[in-house]
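Each chain is listed here by its residues.
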Amino acid sequence: MSIRHGLLALLERGPRYGSQLRTEFETRTGSTWPLNVGQVYTTLSRLERDSMVTQDGEDDAGHTLYAITNAGRVELKSWFRTPVDRASPPRDELAIKLAMAVGAPGVDIREVIQSQRRHTIKAMQDYTRLKAQALDTVPANRDEVAWLLVLEQLIFQTEAEARWLDHSEQRLIRLSMMPEPIKPSPGLPEPKMPVGTAREEADGL
């Protein structure tokens, strides 16, 4: 998640102070990715260092205001135009967990999958209920539309995760039904065919 670009997008609407940016960010995303004020001010300091924002005086309450610069606008436009890079996907804890559970001693991977599926389905139901509540009335402003977009992305994401869990469980079932090759016991010689039998087969008898 690019906090710096999110803050630049909010500053494009006019000067803001730190806690105001945090509130507006969380309003836009429905607090899906909560920020703390420390994160906001750390990011603003880096943006200021990179000449993408500048301090723009204070408001009536004495809050330091930040404004986007021309360099910040160029960076923001580039971010909007550039597709999100999938060459290095973010780490997915669930995918890593299942990968590590395969063959791990004492781990029932099907139980891991079933436990996660219950959690995923509950999350999907919660998101769907929130969407229904959001659609009780026509979105009144851009913040409500933005939150609806984020909410629908979460619904699609959990639906895909549930399908992937079903697929993973079916794959494990198919693998468990495959016969395992017979291996000789460690330290014991492999059985040899009797000499007479081999000679008879060679003679075609």
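Computed from a predicted structure; not experimentally measured. (Residues numbered from 1 in each chain as written. Predicted model: local features only at pLDDT ≥ 70, side-chain atom pairs only at ≥ 80, totals over all residues. Heavy atoms only, no water.)

Topic: the confidence of the model for the protein chain
- In this model, the protein chain carries an average pLDDT of 86, and 86% of its residues clear a pLDDT of 70 or more.
- Across the protein chain, the secondary-structure element scoring lowest on mean pLDDT is helix α8 (residues 195-202), at 46, and the one scoring highest is strand β2 (residues 64-68), at 97.
- Here residues 196-205 is a poorly scored stretch, pLDDT under 50, and it has 3 contacts once near neighbours within four places are set aside; other chains count. (pLDDT = per-residue confidence, 0-100. Helix = DSSP H or I, 4+ residues; strand = E, 2+ residues; numbered from the N terminus. Contact = heavy atoms within 4.5 Å.)

Some words on the pattern of salt bridges
- Scanning the model with the defined rule gives 12 salt bridges in all.
- Residue E169 pairs with R110 through a salt bridge whose shortest N-O separation is 3.7 Å. Here E169, found in helix α7 (residues 142-176), pairs with R110, found in helix α6 (residues 109-134); they are 59 residues apart in sequence, far enough to count as distant.
- Between D126 and K122 there is a salt bridge, with its nearest N and O atoms 3.1 Å apart. You can see D126 and its partner K122 sitting in helix α6, 4 residues apart, about one turn around the helix.
- Overall, the relative accessible area of 23% leaves D126 in the partly exposed class.
- Judged by its relative accessible area of 48%, K122 falls in the partly exposed class.
- Several salt bridges converge on common partners, so that one network encompasses R110, R117, D166 and E169. (Salt bridge = Lys/Arg side-chain N within 4 Å of Asp/Glu carboxyl O. Buried < 20%, exposed > 50% of the residue type's maximum accessible area, 1.4 Å probe, protein only.)

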